[in-house]
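Okay, here's what each chain looks like letter by letter:
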Amino acid sequence: MYFYAAPKSTPAPTSLDEVDPELLAMYDKLGIPLKEREILAGVERPNVAVDAVMDSVSVVTTFREELAKVGIIFCSISEAIREHAELVQKYLGSVVPVTDNYYATLNSAVFTDGSFVYIPKGVRCPMELSTYFRINEKKTGQFERTLIIAEDDSYVSYLEGCTAPMRDESQLHAAVVELVALENAEIKYSTVQNWYPGDKDGKGGIYNFVTKRGDCRGDNSKISWTQVETGSAITWKYPSCILRGDNSRGEFYSIAISNGYQQVDSGTKMIHLGKNTSSRIIAKGIAAGFSDNTYRGQVSAHAKAKGARNFTQCDSLLIGDKCGAHTVPYIESRNATAVFEHEATTSKISDDQMFYCQQRGLDGEAAVALIVNGFVRDVLQHLPMEFMVESQKLIAISLEGSVG
Amino acid sequence: MANPILEIRNLHARIEDREILKGVNLSIPAGELHAVMGRNGSGKSTLSYVLAGKDDYEITEGEVLLDGVDLLAMEPDERAAAGLFLAFQYPIEIPGVSTMTFLKAAMNAQRKSRGEGELSTPDFMRAVKEAGATLNIDASMLKRPLNVGFSGGEKKRAEVLQMALLAPKMCILDETDSGLDIDALQVVAKGVNGLRTAQRSMLVITHYQRLLNHIVPDVVHVFSDGRIVESGDKSLALQLEAKGYADFDSEPA
Ligand SMILES: Nc1ncnc2c1ncn2[C@@H]1O[C@H](COP(=O)(O)OP(=O)(O)OP(=O)(O)O)[C@@H](O)[C@H]1O
Ligand SMILES: [Mg+2]
């Protein structure tokens, strides 16, 4: 396996016209071509800036000038290392240390590119920032690295989308994402992941081992993770929040769908360190086919985390009887004033619901898609508008073949 | 002569080892409304499920034609697109799916399978608003997840709303009057009467003659032990109300 394979020879395109049509076709299939985003975004001007990372080399960066006017830096991490060394030095590896875990270490050793975002004090980022990751070279691993820093009183919403064309062999994706929110800052990080899951017999597909962690370093800061995970053969992913600042808040909203022979093991960690910190977890797992879908979550309160609060809700939905759903919560409280609530449900799509929908004219697949979209509604609502529409379609696509 | 909209011939159906429909014969010409009355457990809902294609039942004998086409060969969604609608005795909850979203999905699914294009949002909104007004269904109810936490009466009104929007040629209403208060009964009756046309037929299952004062049937059938044992005009319903079903219990064969 090659750790790093840059897209061959072609110079970086200077405009979207020069981008691989396959990448654009992928946007199209998902119903969010850049053009449509522009339309969605409003009449006057588009409000999504895109940094597309293909095989870990940033190929398109748009809207940078406009962002620069308010002091926002949005660029590839390789450029940030050259141009903004002091920021990178101060923050890179400060949330996810090099020695954190095997895949984070691997990433730290070989990471090739990724995105860098810096929001200065008091600035509300005027547009959604977006990165599209895509794996297309054969036998490559993708090791991108993302670092987002929100200074005091700032706000940013960041969207990450992932796609990969079909390949027989398995590929590794071992990304690291670090978020730092300082006083009163808020970071909203949304992911829609549909890496290639392998074929119907479980051959090929992406191994998605990602380390994502946010540090609510300042008082009253907030970090919110929202994810829609439908792809990859194997996913291990636990976007986490370290609630260090007093009154800081962490959120995790997740939809994880597994079909075929996919294995998803995902969840979050909410580490309450500061006083009156709060966290909220809503995880919706949908398992179909022969897949396994596990929610694994940890909520812990440090001795100093007076008044820490957590609410966790994990709902699993099973389609068919050859798949499995599991919930593995770890709860740890070293402070008597902490209040943690955990609710979990497991259900199946009932024959009565299917029949009712079919009686109204929906075929089996459309009925499943509708019922599943209803099941995940609480989470979908936390996605930015343009991702919501895309996600609904993606959910329908990824459950194709799950009934019948 | 034109086909009857619904033609049921000697229909037998069983669930596991138990025969529930034991030779149903029924023909409903276009534009007619037939009422079916019968004891609890006599098989009325089973008949409606079998017609709609619920797969718990095994059909052992007989045939059913919808406007001349073999109904039993079709999937449930194909039957719906062909114009068969069932207002459920116990409407099913669809959590997280707003009534509005559900209506749109159903209408577009049927249009698609008939080869028609998607309904535009303004046309859809107009149709829903209009049909909703007749049934006293307001915007807030349309935003709620379908049937979740709906009162008994709201569920039944939502069923009739779907019927109005899907414009079927054959409507089966299974106890759509049960659980309705006096005012709601009038509202629903008005809604149903508004949908009666020369092309559309209806089969109304009910326990109460009261409903038939508002929705006047062309024919009344008495259902007993899995088959129709008596048919007559609307006075038959009055007779049942007065004397009960004892006269119609099927004699031992
Ligand atoms: N899934 C099932 N398994 C076993 N028996 C069933 C099943 N479904 C229905 N039955 C039986 O079939 C018979 C007919 O039921 P059905 O619901 O059709 O009656 P009905 O005439 O609609 O009664 P009601 O007036 O109470 O609604 C009943 O005895 C019922 O218990
Ligand atoms: Mg019944």
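Preceding block: the structure.
Residues numbered from 1 in each chain as written. Chains lettered and ligands numbered in written order. Predicted model: local features only at pLDDT ≥ 70, side-chain atom pairs only at ≥ 80, totals over all residues. Heavy atoms only, no water.

### Remarks on a negative patch on the surface
Thought 1: Taken together, the side chains of D351 of chain A together with D55, E75 and E78 of chain B define an acidic patch exposed on the protein surface.
Thought 2: Here E78 of chain B lies in helix 2 (residues 76-81). (Patch = residues over 30% accessible without salt bridge, like charges linked within 9 Å, V, L, I, M, F, W, Y side chains within 5 Å. Areas by Shrake-Rupley, 256 points an atom, 1.4 Å probe, with all protein chains shown as cover. Salt bridge = Lys/Arg side-chain N within 4 Å of Asp/Glu carboxyl O. Lys, Arg positive; Asp, Glu negative; His and termini not counted. Charge placed at Lys NZ, Arg CZ, Asp CG, Glu CD. Helix = DSSP H or I, 4+ residues; strand = E, 2+ residues; numbered from the N terminus.)

### Examining the coordination of the magnesium ion (ligand 2)
Residues and elements named next belong to chain B.
Thought 1: For the magnesium ion (ligand 2), the full set of protein donor atoms is S45 (OG) and Q89 (OE1), and the range of their distances to it is 2.0 to 2.2 Å. With S45 in helix 1 (residues 44-52) and Q89 in the loop between strand 6 (84-87) and helix 3 (99-113), the pair connects residues that are 44 residues apart, well separated along the chain. Note on accessibility: S45 and Q89 belong to one class, buried. (Donors = N, O, S within 2.8 Å, 3.2 Å for Na, K, Ca; no water. Buried < 20%, exposed > 50% of the residue type's maximum accessible area, 1.4 Å probe, protein only.)

### Notes on the side chain of S224 of chain A
Thought 1: On the secondary structure map, S224 of chain A appears in strand 13 (residues 222-229).
Thought 2: Those residues in contact with S224 of chain A, other than ones at most four positions away along the chain, are I187, K188, Y189, E251 and Y253 of chain A. (Contact = heavy atoms within 4.5 Å.)

### Brief notes about the pairing of strand 1 (residues 6-15) of chain B
All names here are of chain B.
Thought 1: Of the pairings in the sheet, the one linking strand 1 to strand 2 (residues 18-28) comprises eight bridges and is antiparallel in character. Considered in strand 2, the bridge of I8 is made with L26.
Thought 2: Here strand 1 hands over to strand 2 after two residues, with E16 in that stretch at a positive phi of 50 degrees.
Thought 3: By the bridge criterion, seven bridges tie strand 1 to strand 4 (residues 58-66) in an arrangement that is antiparallel. Each bridged residue has a counterpart across the sheet, and for A13 the counterpart in strand 4 is I59. (Pairing = 2+ DSSP bridges.)

### Concerning the state of the cysteines
Thought 1: A full pass over the atoms with the stated rule returns zero disulfides over all chains.
Thought 2: Not engaged in a disulfide, the cysteine C314 of chain A finds its nearest cysteine sulfur in C241 of chain A; these two sulfurs lie 15 Å apart.
Thought 3: Free cysteine C171 of chain B: the closest other cysteine sulfur is in C357 of chain A, separated by 19 Å.
Thought 4: For C171 of chain B, a relative accessible area of 0% puts it in the buried group. (Disulfide = S-S within 2.5 Å.)

### Concerning the packing of helix 6 (residues 152-166) of chain B against helix 7 (residues 182-194) of chain B
Residue and element names in this part refer to chain B.
Thought 1: Two elements in contact, helix 6 and helix 7, have axes whose closest approach is 10 Å; the angle formed by their N-to-C orientations is 15 degrees. Between helix 6 and helix 7, the interaxial angle falls into the category roughly parallel. Along this stretch, helix 6 crosses helix 7, giving a crossing that reads as left-handed. The residues of helix 7 that touch helix 6, namely those facing R157, V160 and M163, are V187, V188 and V192.
Thought 2: In terms of residue class, the contact of helix 6 with helix 7 is made up of five nonpolar, no polar and one charged. (Axes fitted to C-alpha atoms, helices over the stretch in contact; angles between N-to-C directions. Parallel < 35°, antiparallel > 145°, perpendicular 65-115°, else oblique. Left-handed = near helix turned anticlockwise from the far one by under 90°. Nonpolar A, V, L, I, M, F, W, Y, C, P; charged D, E, K, R; others polar.)

### A closer look at the interface of chain B and chain A
Thought 1: Tallying the contact residues gives 32 residues for chain B and 16 residues for chain A.
Thought 2: For the pairing of chain B and chain A, the buried interface totals around 1,900 Å² over both sides, and the portion due to carbon and sulfur atoms is 65%.
Thought 3: In this assembly, chain B and chain A are joined by two salt bridges.
Thought 4: Put simply, chain B and chain A have twelve residue pairs in polar contact (both at pLDDT 80 or more) between them.
Thought 5: For the side of chain B that touches chain A, the secondary structure elements donating two or more residues are helix 1, helix 2, strand 6, helix 3 and helix 6 of chain B. (Buried area = accessible area lost by both parts, 1.4 Å probe. Polar contact = N/O pair within 3.5 Å; in protein donor to acceptor, adjacent residues only side chain to side chain.)

### A closer look at the sheet that holds strand 1 of chain B
Residue and element names in this part refer to chain B.
Thought 1: Read across the sheet, four strands follow the order 2-1-4-5 without closing on themselves; strand pairing throughout is antiparallel. With partners counted over all chains shown, the strands left at the sheet margins are strand 2 and strand 5 (69-70), one partner each.
Thought 2: Set on the sheet, helix 1 makes contact with strand 1, strand 2 and strand 4; between it and strand 1 the angle comes to about 105 degrees.

### Examining the sheet that holds strand 8 (residues 201-205) of chain B
All names here are of chain B.
Thought 1: One open sheet accounts for six strands, arranged 6-7-8-3-9-10; its pairing is mixed. Since the sheet does not close on itself, it has two edges, and those belong to strand 6 and strand 10 (227-232), each with one partner. Direction aside, neighbouring strands of the sheet carry axes that sit 20 degrees apart on average.
Thought 2: Pairing analysis gives five bridges linking strand 3 (residues 33-38) to strand 9 (residues 219-224), with the strands arranged parallel. Paired with A35 across the strands is V220, a residue of strand 9.

### Observations concerning the nonpolar core
Thought 1: Core analysis: the largest hydrophobic core is formed by 66 residues, its most contacted members being I286, V372 and L399 of chain A together with I8, F102 and M170 of chain B.
Thought 2: Looking at this core, the element that brings in the most residues is helix 8 (residues 364-375) of chain A, giving six residues.
Thought 3: Among residues more than four places away in sequence, those in contact with I8 of chain B are V24, N25, L26, L47, L51, E63 and V64 of chain B.
Thought 4: Ranked by size, the runner-up nonpolar core spans 35 residues in total, among them L142, V160, V188 and M202 of chain B. (Core = buried A, V, L, I, M, F, W, Y, C linked by side-chain atoms within 4.5 Å.)

### Quick look at the site of ligand 1
All names here are of chain B.
Thought 1: The full set close to ligand 1 counts 14 residues, and G41, K44, S45, T46 and H207 are the nearest of them.
Thought 2: For ligand 1, an oxygen atom lies 2.8 Å from a polar atom in the side chain of K44.
Thought 3: At 3.1 Å, a side-chain N or O of Q89 approaches an oxygen atom of ligand 1.
Thought 4: Coverage of ligand 1 by the protein chains reaches 67% of its 640 Å² of free accessible surface.
Thought 5: Put simply, the parts of the chain that give the shell around ligand 1 at least two residues each are strand 2 and helix 1.
Thought 6: No other element matches the three residues that helix 1 contributes to the shell around ligand 1.
Thought 7: Tallied by class, residues from the shell around ligand 1 come to two nonpolar, eight polar and four charged. (Near = heavy atom within 4 Å.)

### Brief notes about unusual backbone geometry
Thought 1: Even without being glycine, D153 of chain A reaches a positive phi, approximately 55 degrees.
Thought 2: By secondary structure assignment, the location of D153 of chain A is in the loop between strand 7 (145-150) and strand 8 (155-163).
Thought 3: A positive phi angle, near 50 degrees, is found at E16 of chain B, a position not held by glycine.
Thought 4: Structurally, the position occupied by E16 of chain B is in the loop between strand 1 and strand 2.
Thought 5: By relative accessible area, which is 70% here, E16 of chain B ends up exposed.

### Digging into the packing of helix 7 (residues 351-359) of chain A against helix 8 of chain A
Residues and elements named next belong to chain A.
Thought 1: Running from amino to carboxyl end, helix 7 crosses helix 8 at an angle of 115 degrees, the nearest separation of the two axes being 9 Å. As helix 7 packs across helix 8, the resulting crossing turns out to be right-handed. Contacts between helix 7 and helix 8 involve Q353, M354, C357 and Q358 on the former and, on the latter, G364, A367, V368 and I371.
Thought 2: Here the residues of the contact of helix 7 with helix 8 are counted per class, giving five nonpolar, three polar and no charged.

### Remarks on the pattern of salt bridges
If charged atoms from side chains of opposite charge come close, those side chains can pair.
All names here are of chain A.
Thought 1: All chains considered together, the criterion is met by 24 salt bridges over all chains.
Thought 2: A salt bridge links D215 to R217; the shortest N-O distance between them is 2.7 Å.
Thought 3: Given the relative accessible area of 1%, D215 is considered buried.
Thought 4: For the salt bridge of D315 with K284, the shortest nitrogen-to-oxygen distance reads 3.0 Å. Of this pair, D315 sits in strand 21 (residues 309-318) while K284 sits in strand 19 (residues 278-287), and the two are 31 residues apart along the sequence. Each of the two residues, D315 as well as K284, counts as buried.
Thought 5: By sharing partners, the salt bridges in this structure join E186, K222, R249 and E251 into a single network.

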